[in-house]
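Next come the chains, spelled out residue by residue.
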Amino acid sequence: MIITRAGFLTSVQDLGRSGYREFGVSSGGALDSFALRVANLLVGNDENAAGLEITLGGLRLRFDEEQIVAWCGGEVDVHLGSMALPAGHAALLPAGEELKFSQPQIGCRCWLAVSGGIDVPLVLGSRSTDLRAQFGGFEGRTLRDGDELVLGKSRRSPAFAKTTADKQTAATKSISSWTAQHDWVSPAKRNPILRFVRGCDWDRSNTSMLQRFTSETFAVSLDSDRMGVRFDSPELKRQDNVDLTSEAVAPGTIQIPPSGKPILLLGDCQTIGGYPKIAHVITVDLGIAAQLRAGDQVRLSEVSLVDAHRLLLEREQQLELFRIGLSLHTS
Amino acid sequence: MEIIPLGDSALIVRVREQFEDAPEKTLDEVLRTLQQLRNAAIPGVIEVAPAYTTVALFFDPVAVAKARETPGDVIASGSAFHRRRSAAAAPRLIEIPVCYDAEFGLDLDRVGEHTKLSAGEVVDLHSTAEYRVACIGFVPGFPFLTGLPKTLATPRRATPRKEIPPGSVGIGGAQTGIYPLRSPGGWNLIGQTPLKLFDPTKNPPALLCAGDRVRFRAITREVFEASKQGGASR
């Protein structure tokens, strides 16, 4: 895979690292791990295969050999030569043909899966790039123009299992007609609502602050990255200035620092933190959180822990059906 | 012991309310709890990690849904703590060589001013005390050390430095620590170690882990350079 234009910020990511939090290593990985899982399934990969996380578009790439690709994420115009490639459709990309990602109209990031996955070394059990600590992925850094990445051995994608023989007979045949459900492949929304469960410092916060937390619009700050989304407003200043002992935080945690401007942690967040944890965005909504960019307006809505788990289990059951559907395509 | 959800895929076991009133005791209790939770092999649990007064437990809610009991239930029932009430293994003692030359100890004067000690006295105090790693965090491999002589406590710099060289040893409030990676930071820098605190190609990737005993040994610039060139890693 040859990166002709690396774009604004593109990195190699899989589903992240686990087992090294006690050494301060973040989980990292695709900020919307579900989007990467779906894209991987579409091209016939293991769900955990490494793909590219493309932030704010601008990526252009090509392959030496024909490859199957699929992407999920923000609202982005993706072109394969002159043909548009919509989110969630597998496509056969002929050797030398360029795949181009424009800047997103809505959202911030998208994930590209390539048949065989990106073959970078496993570091601490993952192929994800830890951009802060500069290890893993491709040389521990974001991609640059001219980088060449090696791909793993590919299995045949279910999308093209039946049509390989006549795949090049018509241009339209190089994009699969079927896809996954819309909110999986295009999770970005204008003015989204993020669902949350209460954090351990919820009860320590006063009622007017909690009321503002659930009623006001949160404005995403420019100062947001893979560690977290910062908000310019509201300012939820606390009366008591408690100095909390640092303890674990996780992707989805919403902290209130002394400035009162909330921070929503994402995949590259630190493993521990000392700011009050007022709430946690639920796992099924982390994909929406991963699409937030400067200027976006967000609202927050409370759900119970039971509902958070139910929503996650339902999505997993649907994904299981999707997997079965895919395997029927190959049989 | 308190069990608190940390979102929908993790929970925090709070072993003690306070750390500062009894650091050694808290650390021992937290590490014992960590070991017990690890040994309990609770279904669906992905990993456990300690921090000061707590142990965090990360789990896969999908795997947990298939198990008979949730991790919270297992812990609340106490069954995770029945087995192996044995004392934790004696902590390791790790010596960290540090060059306290002014070139590395950019804030030695600041610490001296605040503590009303000479730079030499600061170095003597810092390198004779024994510390323990309370937890690793901030960046991979960064040890938060407890046991700093009270006289050395110095508030963090009002404006953090944008970039701190790897190996820098600093004082932040009542704690001391070592920056493993080039990173921003607001602690007062008093020296630098040639050791590599974090190496992702090694397993474990960090030189130190929670509970370790640590001593600093003052070394000269020559020894610092020699061990750096010798690739002093561990």
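If you're wondering where the values come from, they're calculated on a predicted model, not measured in any experiment.

(A) Main features of the interface of chain B and chain A. Each partner contributes residues to the interface: chain B has 36 residues there, and chain A has 35 residues. Considering each element in turn, the side of chain B that touches chain A owes the most residues, five residues, to strand 3 (residues 45-51) of chain B. When the residues that make up the side of chain B that touches chain A are grouped by side-chain class, the tally is 28 nonpolar, six polar and two charged.

(B) Region of interest: the pairing of strand 10 (residues 106-114) of chain A. Residue and element names in this part refer to chain A. Most of strand 10 is tucked away, with eight of its nine residues classed as buried. Direction of pairing for strand 3 (residues 51-55) relative to strand 10: antiparallel, over a ladder of four bridges. Across the sheet, the residue bridging to T55 is R109, located in strand 10. Where strand 5 (residues 67-75) and strand 10 come together, six bridges link them in antiparallel fashion. Bridge assignment links E75 to a residue of strand 10, and that residue is I106.

(C) Broad picture of the pairing of strand 4 (residues 54-59) of chain B. All names here are of chain B. Most of strand 4 is tucked away: six of the six residues are buried. Going residue by residue along strand 4, you find T54, A56 and F58 tucked away on one face and V55, L57 and F59 tucked away on the opposite face as well. Bridging between strand 3 and strand 4 involves six bridges; their strand directions are antiparallel. In the strand pairing of strand 4, V48 is matched with L57.

(D) Inspection of unusual backbone geometry at higher detail. S233(A) connects to P234(A) through a cis peptide bond whose omega is 0°. Along the chain, P234(A) falls in the loop between strand 13 (228-233) and strand 14 (247-248). Cis geometry is found at the peptide bond from N203(B) to P204(B), where omega equals 0°. Mapping P204(B) onto the fold places it in the loop between strand 12 (188-192) and strand 13 (213-218). Although it is not a glycine, N191(A) adopts a positive phi angle of roughly 45°. Along the polypeptide, N191(A) turns up in the loop between helix 2 (182-185) and strand 11 (193-198). The exposed category is assigned to N191(A), around which 10 C-beta atoms lie within 10 Å.

(E) A look at the domain arrangement of chain A. Residue and element names in this part refer to chain A. Domain assignment breaks chain A into domain 1 (2-188) and domain 2 (193-311). Domain 1 and domain 2 are separated by 29 Å when their C-alpha centres are compared. The interface of domain 1 with domain 2 comprises 19 residues on the first partner and 15 residues on the second. When contributions to the side of domain 1 that touches domain 2 are tallied by element, the ones reaching two or more residues are helix 1 (33-42) and strand 10.

(F) Here's a closer look at the sheet that holds strand 1 (residues 2-6) of chain A. All names here are of chain A. What the five strands build is an open sheet, ordered 1-4-9-6-7; its pairing is antiparallel. This sheet does not close on itself; its edge strands, each paired only once, are strand 1 and strand 7 (83-84). Pairing between strand 1 and strand 4 (residues 59-62): four bridges, direction antiparallel. The residue bridging I3 from the neighbouring strand is L61, located in strand 4.

Rules used in this analysis
Residues numbered from 1 in each chain as written. Chains lettered and ligands numbered in written order. Predicted model: local features only at pLDDT ≥ 70, side-chain atom pairs only at ≥ 80, totals over all residues. Contact = placed C-beta atoms within 7 Å. Helix = DSSP H or I, 4+ residues; strand = E, 2+ residues; numbered from the N terminus. Nonpolar A, V, L, I, M, F, W, Y, C, P; charged D, E, K, R; others polar. Buried ≥ 20, exposed ≤ 12 C-beta atoms within 10 Å, placed from the backbone. Pairing = 2+ DSSP bridges. Domains from an automatic or database assignment.

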